[in-house]
Structure formats: C-alpha cells, structure tokens
Amino acid sequence: MLITKTGCAGRFGTLLVSVEIPPTPHLKEEFCRYKKEEKCLVCISRCPAAALSAEGLDKEKCFRLLQENSRVFPGPNQTACGKCATGPCALKSC
Ligand code: SF4
Ligand code: SF4
C-alpha cells in the first residue's frame, strides 16, 4: 500500500509522453497513523486473509485470497481485494 498526500484508495497507471518532467521531491511526511505512533491498524483488522500484521504483508496469504475470489467471481484477474485500503488513510482527511 502506498499512502500519498491524497490517500491510499487510488490506482496508479502509466502514461508515456515525450516531455521532460522534473521529479517530484520525496516526501518526508509520514501518512500512516500507526507509524506516527497514533492508534490505528484498521488495515490489519479489515484484511480477510490475515495477511497483514504490524510487521508487514504476507504476500502469499494475500494472493491465496485473491485466487479464491477469482474462483468465486470469475472474470478478469483480480490483483487486489483492497479491503486494507479502506481505513482512515484512504482519503486525504487522514
Ligand atoms: S489503516 Fe492506514 S493509517 Fe491506519 S495503520 Fe493502516 S496504513 Fe496506517
Ligand atoms: S488486498 Fe485483501 S487480502 Fe490482500 S492484504 Fe489487502 S485486505 Fe488483505
């Protein structure tokens, strides 16, 4: 999960253009409440696969749930269930 100034509930894409764009400076600000030593960990409590912990993400557990979701809901491949990105950091009001 990447938390930006405007939150984490977004999708990133790629756009190829032929112009020079100066790099955006790396932000020093921390946007995760837990990492700012506030109470939170909502993302962990919302993960149905128990793939998240305060120490990090177990990608295999996450992937197994996504595979199960794909079996139940056939269609284009699922790349995330996204429930971990619905906490207070989802929107810029964090
Ligand atoms: S829900 Fe967001 S702010 Fe809260 S602990 Fe998880 S990543 Fe941090
Ligand atoms: S995408 Fe779903 S299964 Fe994977 S870490 Fe987030 S909440 Fe858990």
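Predicted model only: the values in this text are computed from it and were never measured. (Residues numbered from 1 in each chain as written. Chains lettered and ligands numbered in written order. Predicted model: local features only at pLDDT ≥ 70, side-chain atom pairs only at ≥ 80, totals over all residues. Heavy atoms only, no water.)

### Thoughts on the confidence of the model for the protein
Any segment with low pLDDT has predicted coordinates that should not be analysed in fine detail.
For step 1, the next point in the chain: Averaged over every residue, the pLDDT of the protein is 90; the share at 70 or more is 96%.
For step 2, the next point in the chain: Predicted confidence in the protein is weakest over helix α2 (residues 59-72), with a mean pLDDT of 93, and strongest over helix α1 (residues 42-46), with 97. (pLDDT = per-residue confidence, 0-100. Helix = DSSP H or I, 4+ residues; strand = E, 2+ residues; numbered from the N terminus.)

### Structural notes on the nonpolar core
For step 1, the next point in the chain: Counting residues in hydrophobic clusters, the biggest one holds six residues: Ile 3, Cys 8, Phe 31, Ala 85, Cys 89 and Ala 90.
For step 2, the next point in the chain: If near-sequence neighbours (up to four positions away) are discounted, Ala 85 is found in contact with Met 1, Cys 8, Ala 9 and Ala 90. (Core = buried A, V, L, I, M, F, W, Y, C linked by side-chain atoms within 4.5 Å. Buried < 20%, exposed > 50% of the residue type's maximum accessible area, 1.4 Å probe, protein only. Contact = heavy atoms within 4.5 Å.)

### Here we look at unusual backbone geometry
For step 1, the next point in the chain: Its identity as a non-glycine residue notwithstanding, Leu 41 has a phi of 60°, on the positive side.
For step 2, the next point in the chain: Along the polypeptide, Leu 41 turns up in the segment before α1.
For step 3, the next point in the chain: Even without glycine at this site, Ala 50 takes up a positive phi of about 50°.
For step 4, the next point in the chain: Checked against the element boundaries, Ala 50 lands in the loop between α1 and β1 (52-53).

### Topic: the site of ligand 1
For step 1, the next point in the chain: Every residue close to ligand 1 is listed here: Met 1, Ile 3, Cys 32, Arg 33, Tyr 34, Cys 40, Leu 41, Cys 43, Pro 88 and Cys 89.
For step 2, the next point in the chain: One can see that ligand 1 is located within the largest pocket.
For step 3, the next point in the chain: Looking at side-chain class alone, the shell around ligand 1 contains nine nonpolar, no polar and one charged residues. (Near = heavy atom within 4 Å. 1 Å grid on protein atoms, 1.4 Å probe; cavity = no way out; pocket = protein on both sides within 12 Å on 5 of 7 lines; lining within 4 Å. Sits in = over half its atoms within 2 Å of the grid points. Nonpolar A, V, L, I, M, F, W, Y, C, P; charged D, E, K, R; others polar.)

### Here we look at a nonpolar patch on the surface
For step 1, the next point in the chain: A surface patch of nonpolar side chains, amounting to about 460 Å² of accessible area, comprises Leu 15, Val 17, Val 19 and Ile 21.
For step 2, the next point in the chain: Following the sequence through the fold, Leu 15 ends up in the segment before α1. (Patch = residues over 30% accessible without salt bridge, like charges linked within 9 Å, V, L, I, M, F, W, Y side chains within 5 Å. Areas by Shrake-Rupley, 256 points an atom, 1.4 Å probe, with all protein chains shown as cover. Salt bridge = Lys/Arg side-chain N within 4 Å of Asp/Glu carboxyl O.)

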